[in-house]
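Coordinate analysis (summary)
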Amino acid sequence: MLWKLSLTGIKSRFKDYLVLFSGLTFASAIFYMFMTLATNPAFLKGSLSIAFKITQIVFGFGIALLSIITFVYIVYANSFLLSMRQKDYGMYMMLGARTSKIGRLIFTETLVVGLLATLLGTVLGVGLTQGVSSVLISQLGLQIHKFVGFYLPALLWTIAFFAILFFLVAFWNRHKLVKSNVINLLHEDQKPVKLHRNKLWKFIEAILGIALLAVGYWAMMHAAKLGKKTIPIAFFTIVFGSYFTFDSFFTAIIDLLRKNLAYKYKKLHSFTLGQLKFRLSDYTRILSTVSLLFALALGAITVGLNFNNMTEQAMQSTYYDVVLYGHNKKVDNQLKKVSVKSTTTFDYKMVVEGKGKEKSRVLYIPENQIKNNQIMYQHYSRKNDMNHYDTRCIKVSDFKNKTDFNEAQYQLVSLTPYIDAQAKVVPETQYNQVKAKVNKIELLRVNDFRSNFNNIEKLQNLSATQMMSSPEVDKDAVNVNLSNSKSAQYRLVSSMTSGFEFMGFFLGLAFLAMLASTLMFKVLSGANSDKPRYQMLWKVGTRKSLLKASIAKEIGILFALPAALGVVDVLFGLQLFKSILGMNTYDKLWIPFTIFGVLYVLYYLLTVVLYQHIVLQKED
Amino acid sequence: MSEVVQVQNITKTYGKKGEKQYQALKGVSFDVERGEFVGIMGASGSGKTTLLNILSTLDQPTTGNVYINGRDITGLNKNQMADFRGQEIGFIFQDFNLLENLTNRENIALPLSLQNVKSSQINPKVDKIVKRLGIDHILNKYPAEISGGQKQRVAAARALVHEPAILYGDEPTGALDSKSATELLETMKGLNENDRVSILMVTHDPYSASYASRILFIKDGKIGKEIKKDGKSREEFYQEIIAELGRR
Ligand SMILES: Nc1ncnc2c1ncn2[C@@H]1O[C@H](COP(=O)(O)OP(=O)(O)OP(=O)(O)O)[C@@H](O)[C@H]1O
Ligand SMILES: [Mg+2]
């Protein structure tokens, strides 16, 4: 009989259950996805042969973080479940249902909901992993090859992790229902809240909170000076600073606003402020957690995307995308697959001078070609502690002075297959007198280097093979090991960075999804007890639109406060990366911030809609 | 004397067409004069709450019209209804319905802020009504910190602060002990007699009803009988109500 009642209870709140269920499903799907990416050797080895060890550590760290946030998330999702159910169960108990029976009911319900969601989530996770990884790989131009979404160890880990979690949560729920008395269950929402607190302590706390945050930010600004101490200092001060700030500083602002009668006595302001005041004292822990996780997630995405910039930067070191040493059929066929933006050419003749130990190779290049063809190279320097490249043109005069090292000479030679040779730029007449075969170098700039990388790399390789296999080539002198080509550099750097980039991006988004829905469930858990308040406001003549606006504002502030603090955390936190990695992470800040903002706002809107749905009753 | 409330032949049928329908009100008509204190009594399920909901625009009648202060409230749209409730109607509910997260002063001020009354005028208005109701010393406390009787006075203050055309009460003494109930009823009587506040109160309780000047008995969705105090003492009126209830 009770089972039937319990099922009817679920049916009547089907929509809310659907939200809860899909939230849990999503959590396990994300967890599975990350486990697969982090533990599947096919993924790691394929992409990160060089940085394998480091990446494993970083991924391990990622798993730990994800486990923690998943745990927090489940706890809040569960409190939403309890908030929906305790009135029903309290009622059954009042009607004489045995406590042990009720305990079994809630235990089973929690476990069934949780495990079903986990199973569905892992199935979903397999598909998602496949989809997301291929999208990310192609979108970000990552160097990761075939990747299968199904990986058994990850599947088992995910199921085990969630099963244990839900067992714990189910025990907790049973404990909570069995131990608390019926009156409390029935009137949980009317429990008086602590109202007055020591004003002096609050004041000290507010100051302390802001001061601790300031110290933490200062530490991150001066990471270079503080060295290893930076991270522990920043961690400690920012964690406690955030907590104190939420616990007192924001409530102090609300109290100030409440003193301003002109503001307070306007429309529903007094109500919204009252809601916020009580909410904030109840939300201190979750808001400070959310702000920290928000910073971590946003930081992860920003830094992750910056590895992308690092690849970009590495590509700046070379001016030409492809160097063609000669042609054959294969080269010509491959060339058709590449969209060429511009072609620059020059001719050279290679002559061996001297004998034995004195033997050296000289490349003769006609002066007028250097003068007219505008051959460019990238000049490297450090500017404000950043790598900097500017584009320069090779000039005839570069070959007139006889210094030991001449950058232009070096750059010109490195465009030929004979890296060790000496270049001589000579007038037309002299050039014509040199008795050697004329070779032509073609320097290509292409469109879409990154998206068409595979074809470009192939073209470069084919050209090198062609050079090596041509009959007249001087085999022991040729040095086209390609380490100088742009393709080679790109492959080297991107194979290191893409794993980090992928993980930063992925972890960031997963974190965001989890923290936003944690906040969502926390807000929604309060919806049931808020229902009578909105009912009453409506009865005394508040327009629906005004109620909706008040809800949107209240939830908006609850979402905005941790986000704002999180953004500030990130802005200062990036200083760390600037000094550690020498990356200018502030460069394209708007990209990660926009991605993040859009997703966060979507979660906010979803919360508002669900909340309004629970709280406001339909008017016919 | 003019009428504050005119009820003309209203019916209310619950349930959509084609589904199971139930007619809770079967043609109800009556008036409330300005400054009158009217009680509505009836057995459980007779339609009292349904009637009060319609009179306060919380619900609409299936047929019939209701005029309050001469204005037909059955033709209003939703926003107009909300505004109308906010301006012309004051409510006292059985379970107080105060907002626990606002101080008592803020609770009382709420109807005024909803009507965009200037903030500088709000506190004086609140102070005036709370003095009248004798609750000026608990204004800065929260509802959770005061007694049931005090809560109901705060609720009364909130219902009256914007000087509505009529004060509705649905079992306002239902959750109070007899002493607090009597105090509230005396206060309501005083407001009615001295400040000429029009009151319409639904109640089960003959004692509460005896404070009214006229009582309508509702039975199976219709007004059955009406009795008036007409200068009788409250005790005599109480006996008459008991007798009337016994007759059914
Ligand atoms: N929303 C509704 N849908 C269907 N029937 C309803 C609805 N509300 C009330 N009723 C029915 O209308 C009748 C009158 O209900 P109402 O609540 O007005 O009674 P009441 O006189 O206030 O009773 P009580 O003294 O117990 O509060 C009852 O039979 C009730 O079952
Ligand atoms: Mg009723």
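Let me sum up the structure you'll find in this document. As the structure is a prediction and not an experimental result, all values here were calculated from the model.

Between its terminal C-alpha atoms helix H6 (residues 152-179) of chain A stretches 40 Å, which fits the 40 Å expected from 28 residues at 1.5 Å a residue. Looking at H6(A), one finds that the buried residues are A:Ala154, A:Leu155, A:Thr158, A:Phe161, A:Phe162, A:Leu165, A:Phe166, A:Val169, A:Ala170, A:Asn173 and A:Leu177.

Another aspect to go through is the pairing of strand S3 (residues 360-366) of chain A. All names here are of chain A. Of all seven residues in S3, six are buried; the element is thus mostly enclosed. Where strand S2 (residues 340-353) and S3 come together, five bridges link them in antiparallel fashion. Looking at S3, one finds that Met350 is bridged to Leu363. Taking the residues that link successive antiparallel strands as the turn, the S2-S3 hairpin has six residues, and the phi of Gly354 there is positive, at about 80°. Where S3 and strand S6 (residues 422-426) come together, five bridges link them in parallel fashion. Residue pairing for S6: Leu363 is matched across the bridge by Ala423.

Residue and element names in this part refer to chain B. Residues in close proximity to ligand 1 include Tyr14, Tyr22, Ala24, Ala43, Ser44, Gly45, Ser46, Gly47, Lys48, Thr49, Thr50 and His204, which together make up its full environment. In this structure, Tyr22 approaches ligand 1 through a side-chain N or O atom, which is 3.4 Å from an oxygen atom. Here Thr49 contributes a side-chain N or O atom positioned 2.6 Å from an oxygen atom of ligand 1. Starting from 640 Å² of accessible surface for ligand 1 in isolation, the protein chains cover 58%. When contributions to the shell around ligand 1 are tallied by element, the ones reaching two or more residues are strand S2 (22-33) and helix H1 (48-55). No other element matches H1, which puts three residues into the shell around ligand 1. Tallied by class, residues from the shell around ligand 1 come to four nonpolar, seven polar and one charged.

Right, let's get into the side chain of A:Thr245. Residues and elements named next belong to chain A. When you line up the elements, Thr245 lands in helix H10 (residues 230-259). On the basis of relative accessible area, Thr245 is assigned to the buried category, the value being 2%. What Thr245 contacts, discounting residues up to four positions off in sequence, is Gly209, Ile210, Leu213 and Phe250.

Let's shift gears to the sheet that holds strand S7 (residues 439-446) of chain A. Residues and elements named next belong to chain A. Spatially, five strands are ordered S1-S7-S2-S3-S6 in an open sheet, and the strand pairing comes out mixed. Lying at the two open borders of the sheet, with one neighbouring strand each, are strand S1 (322-324) and S6. Each strand of the sheet is rotated relative to its neighbour by a mean of 30°, with strand direction disregarded. The sheet contacts of helix H17 (residues 453-469) involve S1, S2 and S7, and relative to S1 the element is tilted by about 25°.

Right, let's talk about the interface of chain A and chain B for a bit. With 31 residues of chain A at the interface, the matching set in chain B holds 31 residues. Looking only at chain A, the three residues that lose the most surface to chain B are A:Tyr265, A:Met536 and A:Lys539, adding up to 25% of its buried area. Where chain A meets chain B, there are three salt bridges. Among the ionic pairs, A:Arg258 bridges to B:Glu106, the shortest N-O distance being 2.8 Å. Counting every contact that joins chain A to chain B gives nine residue pairs in polar contact (both at pLDDT 80 or more). Every element with two or more residues in the side of chain A that touches chain B is listed here: helix H11 (261-264), helix H12 (269-316) and helix H19 (527-539) of chain A. Here the residues of the side of chain A that touches chain B sort into 14 nonpolar, six polar and eleven charged.

Procedures and definitions
- Residues numbered from 1 in each chain as written.
- Chains lettered and ligands numbered in written order.
- Predicted model: local features only at pLDDT ≥ 70, side-chain atom pairs only at ≥ 80, totals over all residues.
- Heavy atoms only, no water.
- Helix = DSSP H or I, 4+ residues; strand = E, 2+ residues; numbered from the N terminus.
- Expected span 1.5 Å × (residues − 1).
- Buried < 20%, exposed > 50% of the residue type's maximum accessible area, 1.4 Å probe, protein only.
- Pairing = 2+ DSSP bridges.
- Near = heavy atom within 4 Å.
- Polar contact = N/O pair within 3.5 Å; in protein donor to acceptor, adjacent residues only side chain to side chain.
- Areas by Shrake-Rupley, 256 points an atom, 1.4 Å probe, with all protein chains shown as cover.
- Nonpolar A, V, L, I, M, F, W, Y, C, P; charged D, E, K, R; others polar.
- Contact = heavy atoms within 4.5 Å.
- Axes fitted to C-alpha atoms, helices over the stretch in contact; angles between N-to-C directions.
- Buried area = accessible area lost by both parts, 1.4 Å probe.
- Salt bridge = Lys/Arg side-chain N within 4 Å of Asp/Glu carboxyl O.

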